[in-house]
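Per-entry structural report
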Amino acid sequence: MPLSPDLMELLARARADLRMGVPVVMTGPDGAGALVMAAETGSPERLALMREMGAPDLAISARRAETLKARPYDGDLARVILPEDAGMTWVQGIADPADDLTRPMKGPLSSRREGDAALHRLAISLAKSARLLPAALVLPVPQPFALAGAEQLTLIDAVAAAPSLMVLANLDHVVSARVPLRAAENARLHIFRPEDGSEEHYAIEIGRPDRDAPVLARLHSACFTGDLLGSLKCDCGPQLNAALAMMGENGSGVLLYLNQEGRGIGLANKMRAYALQDQGFDTVEANHRLGFEDDERDFRLGAEILQRMGFSAVKLLTNNPGKIKIMERCGIDVVERVPLKVGENRFNEAYLATKMLKSGHLL
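Now for a quick tour of the structure. (Residues numbered from 1 in each chain as written. Predicted model: local features only at pLDDT ≥ 70, side-chain atom pairs only at ≥ 80, totals over all residues. Heavy atoms only, no water.)

Re the packing of helix H1 (residues 7-20) against helix H5 (residues 118-129)
- Where H1 contacts H5, the two axes come as close as 9 Å, and the packing angle between them is 80 degrees. Taken as axis vectors, H1 and H5 run roughly perpendicular relative to one another. Of the residues in H5, those touching H1 at Leu-11, Ala-14, Arg-15 and Leu-18 are Leu-126, Ala-127 and Ser-129.
- The residue makeup of the contact of H1 with H5, split by class, is five nonpolar, one polar and one charged. (Axes fitted to C-alpha atoms, helices over the stretch in contact; angles between N-to-C directions. Helix = DSSP H or I, 4+ residues; strand = E, 2+ residues; numbered from the N terminus. Parallel < 35°, antiparallel > 145°, perpendicular 65-115°, else oblique. Contact = heavy atoms within 4.5 Å. Nonpolar A, V, L, I, M, F, W, Y, C, P; charged D, E, K, R; others polar.)

Here it is as structure tokens:
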């Protein structure tokens, strides 16, 4: 195996670069390529340098384009043409909806129609996977290899990277140890680490569940505000505690704690969504204004961990039919859905109503 990084490792490096505001270079199938910088973390100085090299576009998702009344000619995204006098303040104002209500007239915006949008699409996907706002500056460059070498920038093969971003990274079982809990003293914590360097995921195993029988299980997405701080804006903390209590009473069970904060958009973007909710938007509307889909989580992770632990059938603690569909699609037999209706209060009534009406949760 060579010492140089493979594609998966280069993508991890690219995510880190984008989070720090460092551009990356992508190569297309025709030998041309693009210089890419995340809108959220980019600097005025680097934007100025990009402008010296050509005319960058701002790639935004169709969800964000809909809010801004920009035409998404490419279907799932819009390539917004930067005005000549636009700086990073303008770019970040387009990417971040924080001031949409105080500055509603951000256009009219012109979208590019000609040319291929594949590199722009990959740029948005990379920004999302880096837990940044789904918006990126994209500048076509004729000699991407030379640019990457001269500036010591991470170079990504777009043809190979696009399908790789859709593939679930292999999970390594790192370690497990006994961790007595209030809900169940006979508990073990398992740590699973994705090979792509992304967040680790955890499995709390209660008792000694029979691998040949359906296990009481829950897929629980991380919620820093609800699980740790006791936030009343959601029902996550009560669901976590109730699920563990039920497993303790049952004598066995598995709770998967998946690091997919804020329905997969990350804590910072979740707080952006909360700020938009304070402006009167519901959960789904806030996600759309940020440029995300209703739910960006990948529950294939849960199926992978269950299979790695030797389970093939579950009694699933959930109110979300979508989790059941994905488990069964991934080879996990859901023999029973166990409702988990806890934690409603006056602060989260609207949130729970939106989950039921727009996300199909059974509440």
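Describing the pattern of salt bridges
- For the structure shown, the criterion picks out 22 salt bridges.
- A salt bridge links Asp-100 to Arg-289, with the shortest nitrogen-to-oxygen separation between them at 3.3 Å. Here the residue Asp-100 occupies a position in the loop between helix H4 (88-95) and H5, and Arg-289 occupies one in helix H12 (residues 283-290), the gap between them amounting to 189 residues. Like Arg-289, Asp-100 is buried.
- Close ionic contact of Arg-211 with Glu-205 constitutes a salt bridge, the shortest N to O distance being 2.8 Å.
- Among the residues examined, Arg-211 registers a relative accessible area of 31% and is labelled partly exposed.
- On the accessibility criterion, Glu-205 (7% relative accessible area) is buried. (Salt bridge = Lys/Arg side-chain N within 4 Å of Asp/Glu carboxyl O. Buried < 20%, exposed > 50% of the residue type's maximum accessible area, 1.4 Å probe, protein only.)

Focus: a nonpolar patch on the surface
- The grouping of Phe-224, Leu-228, Leu-229, Leu-267 and Met-271 at the surface amounts to a nonpolar patch, some 460 Å² of accessible area in total.
- As for its position among the elements, Leu-228 is in helix H8 (residues 224-228). (Patch = residues over 30% accessible without salt bridge, like charges linked within 9 Å, V, L, I, M, F, W, Y side chains within 5 Å. Areas by Shrake-Rupley, 256 points an atom, 1.4 Å probe, with all protein chains shown as cover.)

Considerations on empty space enclosed by the protein
- On inspection of all chains with the given rule, the structure shows one cavity of 30 Å³ or more.
- The calculated volume of the largest cavity comes to roughly 430 Å³.
- Forming the walls of the largest cavity are 30 residues, and the residues nearest its centre are Cys-236, Arg-263, Arg-297, Tyr-351 and Lys-355.
- When contributions to the lining of the largest cavity are tallied by element, the ones reaching two or more residues are strand S10 (215-221), helix H9 (236-250), helix H10 (261-264), helix H11 (267-278), H12 and helix H15 (349-359).
- Per-element tally for the lining of the largest cavity: the top contributor is H11, with four residues.
- Here the residues of the lining of the largest cavity are counted per class, giving nine nonpolar, 12 polar and nine charged. (1 Å grid on protein atoms, 1.4 Å probe; cavity = no way out; pocket = protein on both sides within 12 Å on 5 of 7 lines; lining within 4 Å. Points joined across faces, edges and corners; volume = space filled by probe spheres on them.)

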